[in-house]
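Structural overview for review
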Amino acid sequence: MKVFIGTANITDAPALLKQGFRKLGYEADVGLVNCSHKFYATPGNDVDVPGLIASTKVDVRDSCMTVHPPAEFFEIARHYELFVFIASSSLLPRLCDLPLLQQMGKKVVCYQTGSELRHELTAEPFWRMYGYEFPSDAYHTCRDESGKIVLWWRGQAFTHTLVNKLYNTRMAERYATTICTHPSIFTLGVRPHMAIQLPMDADKCTFRIPRNRIPLVVHAPSNRAVKRSDIILNTLLELKEEGVPFRLCLLEDRPNEEVLRVLSEADVLIDQIVCGCLGRLALEGLASGCAVLSGNSAAVPWPPQRPAISIRPSNIKERLREVLTNPMLRMRLAAEGREYIQKGYHSPEGAARAVLDAVQREEEGNIDYYPTVFTDVAHAMKEEPVPPFLRAMTLDILKRHGTHPDTDLDRLSREGFLPAPLKLDVPRWNLENLHRVGPWNWCSKRIPKPEFEDMYIQD
């Protein structure tokens, strides 16, 4: 089988997945819209995606986009059996190749990593229920020079508008073979989806428990607003004023290899305060011998038993104080971190294998997550009415993939997310093989309830 991976370079995932698929014995190529990355080495482009997009003609009528791809697109499509598209970025503008690839019988995995889908409409209540503050300062609605909200077809994958994020979500739900992501990312979603396992290369990390008398603390935000660096740095200042000893190394806009060198000398890594799993930096901290504090939320129960201290705005100070003043705890966390990395969830081949496993289990109907936050709480935003084609697409997705038995379809219609009220024949999920692991979070019983964090925070 031949695998194509692209076209957004998020945390070097394309190159790592390519490495993983090739280690598993598959042919794999990468094609990126933009090969450069300020933190990681530039990977080679096996497919000229920028040229392909530039050669594609686009028509927009009545808010619907039609593309006329060049012959090269079909040559590329015939060459591969599996396409892994990262962060709502594919071979043609605005995911318009997904219907074509589906018609050609290709397998398509939409590999969703974060801000291409997150919107406060549903993310804010979801995050709040788990004790987190959605980082609104990092997400401002995009407007044009006249102050009007940018139309979805004029934007890019990460353009922050409700309709754009909803478009990214629905295109994946309607046309992908499977979707790999986290529940805390997929809050606009209605289709059951698979877990995502981010790749990282532990061989580039130097495992070392430094046992510094005064612990060295590292914080290396790629985006201060998203990582909630304001809370982290203010908490460290308060602890310093209270006499808790530590040294701080704040790294920003530094290449990954430099960050890895510092992590090998550090006792503690404070990654981020987000409602989610562990990002690449947190995984590198575990592989380097650090005690890691991060947004290790019960909202994401898979992979299980992640040995990072879970921090939220309400508990960061006390949990950080405990880690900084307890050297035995730091050493235990460092040892458990190495054991976790050695399980191979996040190795290049482990992450690639998880993608193949997700495709196979999707065909068998053995799905990981069943989201309900959108169907339960999404409400109309007067400034951004949902276009008719997205309403129809949402209904089509529900008819294909079902919904929770308690979903109120009439409410969704009144809020403008479905077509006008009519007799809606939508199948309902069978909950016998599922269990609830938190608010708006149902999953397969193969996924254990999280043991590394409070189950969830109730109002």
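Check the entry above for the structure.
Below or above, wherever it landed, is the structure these notes cover. The numbers attached to residues start from 1 for each chain and follow its sequence in the written order. Only residues with pLDDT of at least 70 get local features here, since the model is predicted, and only at 80 or more are side-chain atom pairs given and counted; chain-wide, interface and lining totals rely on the full set of residues. Excluding hydrogens and water, the side-chain figures rest on all heavy atoms present in the structure.

**A few points about helix 1 (residues 13-23)**
Those residues of helix 1 that sit buried are Ala-13, Pro-14, Leu-16, Leu-17, Lys-18, Gly-20 and Phe-21. Should any heavy atoms of two residues lie within 4.5 Å, those residues are counted as being in contact. Runs of E in the DSSP output that reach at least two residues are strands. Runs of H or I that reach at least four are helices, and both are numbered from the N terminus. Close packing links the buried residues of helix 1 with strand 1 (2-7), strand 2 (27-32), strand 5 (82-86), strand 6 (107-111), helix 10 (280-288) and helix 13 (348-364). Gly-25 lies just past helix 1 and shows a positive phi near 95 degrees. Accessibility here uses a 1.4 Å probe with only protein chains present; expressed as a share of the type maximum, an area under 20% marks a residue as buried, one over 50% as exposed, and anything in between as partly exposed.

**Remarks on the side chain of Arg-411**
Topologically, Arg-411 is positioned in helix 16 (residues 409-414). In this count, Lys and Arg are taken as positive residues and Asp and Glu as negative ones, while His and the chain termini are left out. A pair is scored as a salt bridge if a Lys or Arg side-chain nitrogen falls within 4 Å of a carboxyl oxygen belonging to Asp or Glu. There is no salt bridge for the buried Arg-411, and the closest opposite charge comes from Glu-415, which lies 4.1 Å off by N-O distance. N or O atoms closer than or at 3.5 Å make up a polar contact, with two conditions inside protein: a donor-capable atom paired with an acceptor-capable one, and, for residues adjacent in sequence, both atoms drawn from side chains. Within the local environment of Arg-411, its side chain forms a polar contact with the backbone oxygen of Thr-375, the two atoms lying 3.0 Å apart. With residues near it in sequence (within four places) discarded, Arg-411 still touches Phe-374, Thr-375, Asp-376, Val-377 and Ala-378.

**Points about the nonpolar core**
The term nonpolar core refers to a set of buried residues drawn from Ala, Val, Leu, Ile, Met, Phe, Trp, Tyr and Cys, joined through side-chain atoms within 4.5 Å. Residues Phe-126, Trp-127, Val-218, Leu-263, Ile-270, Leu-293 and Leu-324 are the most contacted members of the largest nonpolar core, which totals 67 residues. The element contributing the most residues to this core is helix 10, with 5 residues. Leave out the neighbours within four places in its chain, and Ile-270 touches Val-217, Val-218, His-219, Ile-232, Leu-236, Leu-293, Ile-311 and Leu-320.

**Details of helix 9 (residues 256-263)**
Burial of helix 9 is extensive: 6 of the 8 residues sit out of reach of the surface. Within helix 9, burial applies to Asn-256, Glu-258, Val-259, Leu-260, Val-262 and Leu-263. Summarising the contacts, the buried residues of helix 9 are in contact with strand 8 (216-219), strand 9 (247-250), strand 10 (268-270) and helix 10.

**Considering the pairing of strand 11 (residues 291-294)**
The alternating pattern of strand 11 places Ala-291 and Leu-293 on one face and Val-292 and Ser-294 on the opposite face, and all of these are buried. In this sheet, strand 11 lies alongside strand 10 in parallel orientation, the contact comprising 3 bridges. Directly across from Leu-269, in strand 11, lies its bridge partner Val-292. What makes two strands pair is DSSP finding at least two bridges between them.

**What to know about the packing of aromatic side chains**
Pairing of aromatic rings covers Phe, Tyr and Trp, the last counted by its six-membered ring, and requires centre-to-centre distances within 6.5 Å; plane angles under 30 degrees mean stacked, over 60 mean edge-to-face, and any other angle means tilted. Applying the stated criterion across every chain, the model contains 17 aromatic pairs. Seen from their ring centres, Phe-83 and Phe-85 are 5.8 Å apart, and the 40 degrees between their planes marks the pair as tilted. Measuring from centroid to centroid gives 5.6 Å for Trp-152 and Phe-389, while their planes differ by 45 degrees, and the two rings are tilted. A residue pair is termed long-range when its members are at least 10 positions apart, and Trp-152 in the loop between helix 5 (120-129) and helix 6 (162-175) and Phe-389 in helix 15 (residues 388-401) qualify at 237 residues. One exposure class covers both Trp-152 and Phe-389, and it is buried. Each residue in the set Phe-4, Tyr-80, Phe-83 and Phe-85 is aromatic and connected to the rest through ring pairs, giving one cluster.

**So, the state of the cysteines**
By definition, a disulfide links the sulfur atoms of two cysteines through a covalent bond. The disulfide definition used here is simple: a pair of cysteine sulfur atoms within 2.5 Å. The final tally for this structure, using the stated rule, is 0 disulfides. With no disulfide of its own, Cys-142 lies closest to Cys-96 among cysteine sulfurs, the gap being 19 Å. In this model Cys-290 remains outside any disulfide bridge; the closest cysteine sulfur is found in Cys-205, 9.3 Å from its own. The class for Cys-290 is buried, based on a relative accessible area of 0%.

**Brief notes about the packing of helix 10 against helix 12 (residues 327-342)**
Taken N-terminus to C-terminus, the directions of helix 10 and helix 12 make an angle of 110 degrees; their axes are 7 Å apart at the nearest point. In terms of their interaxial angle, helix 10 and helix 12 are classed as roughly perpendicular. Handedness of the helix 10/helix 12 crossing: left-handed. Together, Leu-283, Leu-286 and Ala-287 of helix 10 and Ala-334, Gly-337, Arg-338, Tyr-340 and Ile-341 of helix 12 make up the contact between the two elements. Side-chain classes follow a simple rule in which Ala, Val, Leu, Ile, Met, Phe, Trp, Tyr, Cys and Pro form the nonpolar group, Asp, Glu, Lys and Arg form the charged group, and the remainder, Gly included, forms the polar group. Classifying every residue of the contact of helix 10 with helix 12 by side-chain character gives 6 nonpolar, 1 polar and 1 charged. Each axis is a line fitted through C-alpha atoms, taken for helices only over the stretch in contact, and angles between the N-to-C directions span 0 to 180 degrees. Any angle that is under 35 degrees is reported as roughly parallel, and any over 145 degrees as roughly antiparallel; angles of 65 to 115 degrees are reported as roughly perpendicular and all others as oblique. The crossing is said to be left-handed when, going from far helix to near helix, the turn is anticlockwise and less than a right angle, and right-handed when the turn is clockwise.

**What about the sheet that holds strand 13 (residues 369-371)?**
Taken in spatial order, the 3 strands line up as 13-15-14 in an open sheet, and their pairing is antiparallel. Strand pairing shows two members of the sheet lacking a second neighbour, strand 13 and strand 14 (434-438), which therefore form its edges. In this sheet, neighbouring strand axes are inclined to one another by 35 degrees on average, regardless of whether the strands run parallel or antiparallel. The sheet contact formed by strand 13 and strand 15 (residues 441-444) spans 3 bridges and is antiparallel. Bridging from a neighbouring strand, Pro-371 pairs with Asn-441 of strand 15.

**Points about the pattern of salt bridges**
For the structure shown, the criterion picks out 25 salt bridges. Note that Glu-124 is salt-bridged to Arg-128, the shortest N-O span being 3.0 Å. Of this pair, Glu-124 and Arg-128 both sit in helix 5, separated by 4 residues, roughly a single helical turn. The exposure class assigned to Glu-124 is partly exposed, which follows from its relative accessible area of 30%. Arg-228 is the partner of Glu-133 in a salt bridge, and the nearest nitrogen-oxygen pair spans 2.9 Å. Here Glu-133 is found in the loop between helix 5 and helix 6, whereas its partner Arg-228 is found in the loop between helix 7 (224-227) and helix 8 (229-241), with 95 residues between them in sequence. Glu-133 gets classed as partly exposed once you look at its relative accessible area, which sits at 40%. Each of Glu-238, Glu-242, Lys-317, Glu-318 and Arg-321 takes part in salt bridges that share partners, so that together they form one network.

**Structural notes on unusual backbone geometry**
In this chain, Gly-6 is followed by Thr-7 through a cis amide linkage whose omega measures -5 degrees. Relative to the helices and strands, Thr-7 resides in strand 1. In the segment running from Trp-302 into Pro-303, the intervening peptide bond is cis, with an omega of 0 degrees. Inspection of the secondary structure assignment puts Pro-303 in the loop between strand 11 and strand 12 (309-310). Here Thr-11, not a glycine, exhibits a phi torsion of approximately 45 degrees, which is positive. The topology assignment puts Thr-11 in the loop between strand 1 and helix 1.

**Some thoughts on the side chain of Arg-228**
Look at Arg-228 and you get buried, because its relative accessible area is 13%. Within the structure, Arg-228 has its side chain in polar contact with the side chain of Glu-133 (distance 2.9 Å). Beyond its immediate stretch of four places on either side in the chain, Arg-228 contacts Glu-133, Pro-135 and Ile-273.

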